[in-house]
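# Working through the structure, step by step
The chain contents come next:
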Amino acid sequence: MNAQVSPLAVEDLVMAYDEAPVIDGLDLAVERGSFTVIVGPNGCGKSTLLRALARTMRPRAGRVLLDGAPIAGMRGKEVARRVALLPQSPIAPEAITVGDLVARGRYPHQGLLRQWSPDDARAVAAALEATETVELRERLVSSLSGGQRQRVWLAMALAQETEVLLLDEPTTFLDIAHQYEVLSLCSRLHAEGRTLVAVLHDLNQAARYATHLVVMRDGQVVAQGRPAEVITAELVESVFGLPARIVPDPVTATPLVVPAVS
């Protein structure tokens, strides 16, 4: 695939749930091989943008492009072989084991003439290995802790073997240790060559893990670039309404937002 062509992009995107647009005329191109993190206040359109990129929500106007071609004209399985989505708070079917759930990630690669194959078995095994969930394979998903469950859902997305992985608030409802566990796993996946696009709420986590930061407000992109270039005290106060100081993270040297309030 041409590295100069963005794997995912939107042009003049308009997204709406009722009459009032949530996103109105947005342009964005995801850099191939990046770990792009989208941040912004509640209701700014972050998750809506991700749903447009995943083709789980239809735009009111504008275009979503996958490798330079309109995604709207593509078959569902074709998209699913190239883009995987980890949605917010996914719900597993009743009484399903980890192995069976992860195997569902192979559905886009199957059809009437191609059922379960050695390639499918290899992909599932690799996904379980990558997420350190091999020992959970026979467990019921319902019996897992929140951190384990999130790693299993990520394994299902990995089993799709897509270049692009979309993650909608992957750390929601996790305790602090499991949040960093999941984000460290995402960072390793990015280092292995995948393009990741994630929505996060925590600015400091975004600054630590993102190679490219997209800041949204009121359905528009107001800043984007490397975290060190984007995160300033002025931006944090104007976008989030929070007076803050920006200091180097003592572990990673990435920007660390320290609230300047008592």
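In what follows, the accompanying structure is described. It should be emphasised that the depicted structure is a prediction, and the values quoted were computed from it without experimental measurement.

Basis of the calculations
- Residues numbered from 1 in each chain as written.
- Predicted model: local features only at pLDDT ≥ 70, side-chain atom pairs only at ≥ 80, totals over all residues.
- Heavy atoms only, no water.
- Pairing = 2+ DSSP bridges.
- Helix = DSSP H or I, 4+ residues; strand = E, 2+ residues; numbered from the N terminus.
- Axes fitted to C-alpha atoms, helices over the stretch in contact; angles between N-to-C directions.
- Contact = heavy atoms within 4.5 Å.
- Parallel < 35°, antiparallel > 145°, perpendicular 65-115°, else oblique.
- Left-handed = near helix turned anticlockwise from the far one by under 90°.
- Phe/Tyr/Trp six-rings, centres within 6.5 Å; stacked < 30°, edge-to-face > 60°.
- Lys NZ or Arg CZ within 6 Å of the ring centre and 35° of its normal.
- Buried < 20%, exposed > 50% of the residue type's maximum accessible area, 1.4 Å probe, protein only.
- Polar contact = N/O pair within 3.5 Å; in protein donor to acceptor, adjacent residues only side chain to side chain.
- Salt bridge = Lys/Arg side-chain N within 4 Å of Asp/Glu carboxyl O.

### What about the sheet that holds strand 6 (residues 83-86)?
Picture the strands of a sheet paired through backbone hydrogen bonds; they go either parallel or antiparallel. Strands sit in the order 6-7-8-3-9-10 across an open sheet of six strands; the sheet is mixed. Each edge of the open sheet carries a strand with a single partner, namely strand 6 and strand 10 (220-225). Ignoring strand direction, the axes of neighbouring strands in this sheet form an average angle of 15 degrees. As paired strands, strand 3 (residues 35-39) and strand 8 (residues 195-199) are joined by four bridges and run parallel to one another. For Ile-38, the partnering residue across the bridge sits in strand 8 and is Val-199. Sitting on the sheet, helix 9 (residues 233-240) touches strand 9 (212-217) and strand 10, and the angle it makes with strand 9 is about 35 degrees.

### As for the sheet that holds strand 4 (residues 61-66)
Ordered in space as 2-1-4-5, the four strands form an open sheet in which the pairing is antiparallel. The sheet is open, and its two borders are formed by strand 2 (21-30) and strand 5 (69-70), each paired with just one other strand. Bridge count between strand 1 (residues 8-16) and strand 2: seven bridges; the pairing is antiparallel. Considered in strand 2, the bridge of Ala-16 is made with Pro-21. Strands strand 1, strand 2 and strand 4 of the sheet are contacted by helix 1 (residues 46-54), whose axis makes an angle of about 120 degrees with strand 1.

### Brief notes about the packing of helix 4 (residues 118-130) against helix 5 (residues 146-159)
Geometry of a packed helix pair, given as the angle between the helix axes and the separation of the axes. Look at helix 4 against helix 5: their axes get within 8 Å of each other, and the N-to-C directions meet at 140 degrees. It follows that helix 4 is oblique to helix 5 by the angle criterion. The crossing of helix 4 and helix 5 is right-handed. Across from Ala-123, Ala-127 and Ala-130 in helix 4, the residues of helix 5 making contact are Ala-155, Leu-158 and Ala-159.

### Comments concerning the packing of aromatic side chains
We describe a pair of aromatic rings using the distance from one ring centre to the other and the angle between the two ring planes. All told, the structure shown has one aromatic pair when counted by the stated rule. A ring pair is formed by Tyr-180 and Tyr-209, whose centres lie 6.3 Å apart and whose planes are at 45 degrees; its orientation type is tilted. Highlighted residues: Tyr-180 in helix 6 (residues 176-191) and Tyr-209 in helix 7 (residues 203-209), separated in sequence by 29 residues. Here the basic side chain of Lys-77 rests over the ring of Tyr-107, its NZ or CZ set 4.4 Å away from the ring centre.

### Digging into the side chain of Arg-151
Inspection of the secondary structure assignment puts Arg-151 in helix 5. The exposure class of Arg-151 is buried, given its relative accessible area of 12%. In terms of polar contacts, Arg-151 uses its side chain to reach the backbone carbonyl oxygen of Glu-132, at 2.8 Å. Excluding residues that lie within four positions of it along the chain, Arg-151 makes contacts with Thr-131, Glu-132, Thr-133, Glu-181 and Leu-185.

### Here's the deal with the environment of Gly-43
You can see Gly-43 is positioned in the loop between strand 3 and helix 1. The spacing of Gly-43 and Gly-219 is 176 residues in sequence and 8.3 Å in space, taken between C-alpha atoms.

### Quick notes on the pattern of salt bridges
Between side chains of opposite charge, pairing is possible as soon as their charged atoms come close. One pass over the structure, following the stated rule, counts eleven salt bridges. Arg-106 is the partner of Glu-161 in a salt bridge, and the nearest nitrogen-oxygen pair spans 3.2 Å. Of this pair, Glu-161 sits in the loop between helix 5 and strand 7 (164-168) while Arg-106 is found in the loop between helix 3 (98-103) and helix 4, placing the two residues 55 residues apart along the sequence. What makes Glu-161 partly exposed here is its relative accessible area of 34%. By relative accessible area, which is 2% here, Arg-106 ends up buried.

### A look at unusual backbone geometry
Most peptide bonds take the trans configuration, and most residues that are not glycine carry a negative phi. Positive phi is not limited to glycine here, since Arg-55 has a value of about 60 degrees. A residue is classified by how much of its surface remains accessible, and Arg-55, at 31% relative accessible area, is partly exposed. A positive phi angle, close to 55 degrees, is found at Glu-132, a residue other than glycine. Glu-132 sits in the exposed class, given a relative accessible area of 52%.

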